[in-house]
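Below, each chain spelled out in residue letters.
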Amino acid sequence: MSSYLEMVDAPEHVKKLTIPQLQELAGEIRTELIEGLAKGGGHLGPNLGVVELTIALHKVFSTPKDKLVWDVSHQIYVHKLLTGRKNRFRTIRQTDGLNGFALRTESEHDCFGAGHAGTALSAALGMAAARDKRGTDEQVVCIFGDAALTNGISFEAMNNISHTTKKFIGILNDNEWSIAKNVGAISGYLNKLITNPSYNKLAKDFEGFVKRLPKGDLALKLAHKAEEGFKGALSVGLTQNDVTLADGRGGFGNPILFEEMGMRYLGPIDGHNLPLLISTLEFAKQCDHPIVIHVLTQKGKGFDAALKFPEKFHGLGSYDAKTGETPASKPGTPPAYQDVMGQTLVKLCKKNENLVGLTAAMPTGTGMKHLEKAMPERYFDVGIAEEHGVIFAAGMATMGYRPVVAIYSTFLQRAYDCIHHDVCLQDLPVIFVMDRAGLSANDGPTHHGLFDISYLRCFPNVVAMAPANEDELADMMFTATKTNHPTFIRYPRGTAEGVPVKAEPQLLEVGKAQIVQTFTNNGKKKVALFGLGPMNTIARKAAQQLAGEGYDVAVINPRFTKPLDAAAHETYGHEADLVVTLEDHVLMGGYGSSVLELFSEKHISTPVVRIGWPDQFIEHATTQDELRKKYGLSVENTVAKVKAQFSEVPVKVTRLVEVA
Ligand SMILES: Cc1ncc(C[n+]2csc(CCOP(=O)(O)OP(=O)(O)O)c2C)c(N)n1
């Protein structure tokens, strides 16, 4: 770490630096981002793009009093570096380290937590309304990306801004990229704002504001210089099209979306020009009308590899800080679940002309890119618009299509009512493939997908499954295409189990569990392990150990969480001395709960130990295994729980609470 970054321990220190010093600081921050993330990975590209913007925000505003609200907040690393967290920066996304997103409990400078897209405008507006109500004078600044504008909530907020407050600053951080290239009409519209000079707006009062600035300060001289360039390059069409806004202030003639919605629009401006950013933000600060500043930034600025491959460098694991090269996967590594999903979908689409695939701005993360490449006419990217995507799929299903909707478990929560009202209530055969069901370890609680069994199993008509391996995922996808109901398949992040995928997927019987291993009737105590999804591997390994200690162990792969295989659960429930359910999901309302409900209805009194995630939000960590171990979702803990049940070992206190 070199000089200026070393000097900055709090935002006040940023304010003391001159423009040239801040420009040097920007360079140092870029170096720290590139070198500091090389080992553990993170959201490098988005953060390289907002270095000057974040510095300018801290030069002009004063957190924690003023509120900076970041959408998604994956681009918050520079803010973390400037708000007293630089010494812990290299721990980001690691066990006990900094979180990769805004976290209220981590710093008073993180005023609103996030991880899901599209929430910042609403949250910021709520803060502005609260401020107005209590009569204080904090500034509220919302920083949102161009892709956040594909999200419905952003528009719900914008619809509300000018009716709610006079003081609100929105910064549209436009880098033309979502994770992949941004899609849809809004992205086309923003492109028009950038490229058509008659849309570029430099407000007269902003010109006046800059002209009134005192001349002595070097920073302000630079601002003047920048402003001249700005005027020359961007102000075409201003004077000829002036109109009056609803409140009587000057506005501009071309129908700028933001102005039509009652906000002033300023820009687009160069998001890497520090003096220009600072003077524009100073102007916004004294505006008594909601304002949106359109800032153009380059995702990955300052790192060639990130500029060349913006999608890859949006968020990644380790890389070479000089070349940007990423380590090749070791030979023999099983495929990622997302790729098995994508490749299977292509296979199924070739045989079934009614199948189509849909992603909400995540073609690579979900594996939908395979379909996009092989059969683009069968592929839809709706943008970061999970609610719209689900209802869109429901509409297609009414016309005879079978949409396969690929949305991570956590992001599907956004579309809960749409699943209920538009899909399940009408019993439409939409297929949901839910990646990241389980932990997304280094992302943390905003991204863990630990609730979907609970939130789906209460809806009638649902068929819900969890494969124990990649071959079963393919079978489940094929089975889903033959199931005339809303069907959900949940599977974890990352590499699969290494089980070969059959050339042709096979039809599974809906609601039928797989008996992996039955009782031998020659052990001391009978234990039935019901391991769902990836926890089936844990169950099998625990079974081996327990068998070695003289237990008679059956292993069942439930496959379906709805409909549950009542017969298999009853049979083993009656036969066993102990039933253990294992799930990569919260215990509350999950698969184990459904087994308890069944046993209660059928008056089966065999003790049940449930292994799963406790009733709390799980933190982030470097690896999934660490968290599984800590919370008892491990072979070791399964064996210990079984033995404790038979009083063979003292009850070990773990953070997991199970119910008998
Ligand atoms: C509801 C939801 N859906 C999907 C995502 C995954 N996601 C994270 S960042 C991102 C793209 C954000 O693009 P933009 O807002 O333009 O910010 P940039 O990364 O370009 O700075 C997406 C789709 C998410 N975080 N939340």
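Procedures and definitions
Residues numbered from 1 in each chain as written. Predicted model: local features only at pLDDT ≥ 70, side-chain atom pairs only at ≥ 80, totals over all residues. Helix = DSSP H or I, 4+ residues; strand = E, 2+ residues; numbered from the N terminus. Buried ≥ 20, exposed ≤ 12 C-beta atoms within 10 Å, placed from the backbone. Contact = placed C-beta atoms within 7 Å. Pairing = 2+ DSSP bridges. Axes fitted to C-alpha atoms, helices over the stretch in contact; angles between N-to-C directions. Near = placed C-beta within 6 Å. Nonpolar A, V, L, I, M, F, W, Y, C, P; charged D, E, K, R; others polar. Domains from an automatic or database assignment. Expected span 1.5 Å × (residues − 1). Core = buried A, V, L, I, M, F, W, Y, C linked by C-beta atoms within 7 Å. Parallel < 35°, antiparallel > 145°, perpendicular 65-115°, else oblique. Left-handed = near helix turned anticlockwise from the far one by under 90°.

What about the overall build of the protein?
So, point 1. Regarding its fold elements, the protein presents 27 helices and 19 strands.
So, point 2. Every one of the 660 residues in the protein was classed for burial, and the buried ones make up 55%.
So, point 3. Taking contacts inside the protein between residues at least 6 apart in sequence as the whole, the part at least 24 apart equals 77%.

Digging into the sheet that holds strand β16 (residues 552-557)
Pairing between the strands of a sheet comes from backbone hydrogen bonds, and it takes one of two forms, parallel or antiparallel.
So, point 1. Pairing is mixed across the open sheet formed by five strands, whose spatial order is β14-β16-β15-β18-β19. Whereas interior strands pair on both sides, the edge strands pair on one side only; in this sheet they are β14 (514-517) and β19 (608-613). Recorded for the sheet is a direction-independent mean angle of 20° between the axes of neighbouring strands.
So, point 2. Summarising the sheet, β14 and β16 pair through three bridges and their orientation is antiparallel. By the bridge assignment, I515 is partnered in β16 with I556.
So, point 3. Here helix α24 (residues 566-575) sits on the sheet and contacts β14, β15 (526-531), β16 and β18 (578-586); the angle it forms with β16, its principal contact strand, is near 165°.
So, point 4. Relative to the sheet, helix α27 (residues 635-645) contacts β15, β18 and β19, its axis offset from that of β18 by approximately 145°.

Here we look at the site of the ligand
So, point 1. Near the ligand you find 25 residues, and of these P46, A117, G145, A147 and A361 are the closest.
So, point 2. Tallied by class, residues from the shell around the ligand come to twelve nonpolar, eight polar and five charged.
So, point 3. Built from parts of two domains, the shell around the ligand gets at least three residues from each of domain 1 (3-304) and domain 2 (337-490).

A word on the environment of N469
So, point 1. Looking at the element boundaries, N469 is found in the loop between β12 (463-465) and α22 (470-481).
So, point 2. Considered as a pair, N469 and Y337 are 132 residues apart in the sequence and their alpha carbons are 8.7 Å apart.
So, point 3. Ignoring any residue separated from it by four or fewer positions in sequence, one finds N469 in contact with A496, E497 and V499.

Focus on the environment of R493
So, point 1. For R493, the position within the fold is in the loop between β13 (487-490) and β14.
So, point 2. For R493, a count of 22 C-beta atoms within 10 Å gives the class buried.
So, point 3. For the pair R493 and H448, spaced 45 residues apart in sequence, the C-alpha to C-alpha distance is 9.6 Å.
So, point 4. Setting aside chain neighbours within four positions, we find R493 in contact with D435, R436, G438 and S440.

Regarding unusual backbone geometry
So, point 1. Here the bond from G267 into P268 is cis, since omega is -5°, no more than 30 degrees from zero.
So, point 2. Along the chain, P268 turns up in strand β6 (residues 264-270).
So, point 3. The residue after K562, namely P563, is reached through a cis peptide bond having omega -10°.
So, point 4. Not every positive phi belongs to a glycine, and D427 is a case in point at roughly 50°.
So, point 5. Note that D427 resides in the loop between α20 (416-424) and β11 (431-434).

Structural notes on helix α3 (residues 19-37)
So, point 1. Here α3 spans 27 Å end to end across 19 residues, near enough to the 27 Å set by a 1.5 Å rise per residue.
So, point 2. Looking at α3, one finds that the buried residues are L22, L25, A26, I29, E32, L33, I34, G36 and L37.

Brief notes about the pairing of strand β10 (residues 402-406)
So, point 1. Most of β10 sits inside the fold, with five of its five residues counted as buried.
So, point 2. Side chains of β10 alternate between two faces, with R402, V404 and A406 and P403 and V405 buried alike.
So, point 3. The pairing of strand β8 (residues 355-359) with β10 spans five bridges and is parallel. If you follow L358 over to β10, its bridge partner there is V405.
So, point 4. Pairing of β10 with β11 involves three bridges; the strand directions are parallel. Looking at the pairing, V404 lines up with I431 of β11.

Overview of the nonpolar core
So, point 1. Counting residues in hydrophobic clusters, the biggest one holds 182 residues, and the most contacted among them are V69, I489 and L529.
So, point 2. Not counting the four nearest positions on each side in its chain, I489 is found in contact with F432, V433, M434, M465, P467, L473, M476, M477 and A480.

Describing the pairing of strand β7 (residues 291-296)
So, point 1. Burial analysis of β7 places six of its six residues in the buried class, which makes it a mostly covered element.
So, point 2. Every second residue of β7 is oriented toward a common face, with I291, I293 and V295 on one face and V292, H294 and L296 on the other, all of them buried.
So, point 3. Of the pairings in the sheet, the one linking strand β3 (residues 169-174) to β7 comprises six bridges and is parallel in character. Residue pairing in the sheet places G170 in a bridge with V292 of β7.
So, point 4. Pairing analysis gives five bridges linking β6 to β7, with the strands arranged parallel. The residue bridging D270 from the neighbouring strand is L296, located in β7.

Describing the packing of helix α23 (residues 535-548) against α27
So, point 1. For the pair α23 and α27, interaxial distance at closest approach is 9 Å and the crossing angle is 50°. Classed by the angle they form, the pair α23 and α27 counts as oblique. Of the two possible hands of crossing, α23 and α27 adopt the one that is right-handed. Taking contact as the criterion, the partners of I538, K541, A542, Q545 and L546 in α23 are, on α27, V635, T638, V639 and V642.

Structural notes on the environment of A128
So, point 1. Relative to the helices and strands, A128 is located in helix α7 (residues 120-134).
So, point 2. Note on A128: 25 C-beta atoms within 10 Å, which makes it buried.
So, point 3. The spatial distance from the C-alpha of A128 to the C-alpha of V140 is 6.1 Å, given a sequence separation of twelve residues.
So, point 4. Apart from residues no more than four positions distant in its own chain, A128 is found in contact with V140, T164, T165, K167 and F168.

Some points on the sheet that holds β6
So, point 1. Within the open sheet, the five strands sit side by side as β1-β2-β3-β7-β6. Their pairing is parallel. Edge positions in the open sheet fall to β1 (67-70) and β6, since each of these has one partner strand only. The average angle at which neighbouring strand axes cross in this sheet is 20°, direction not considered.
So, point 2. As defined by bridge partners, strand β2 (residues 140-145) adjoins β3 across five bridges and the pair is classed as parallel. Its bridge partner lying in β3, F144 is registered against L172.
So, point 3. Each of β3, β6 and β7 is contacted by helix α13 (residues 274-286), which is oriented at about 170° to β6, the strand it contacts most.

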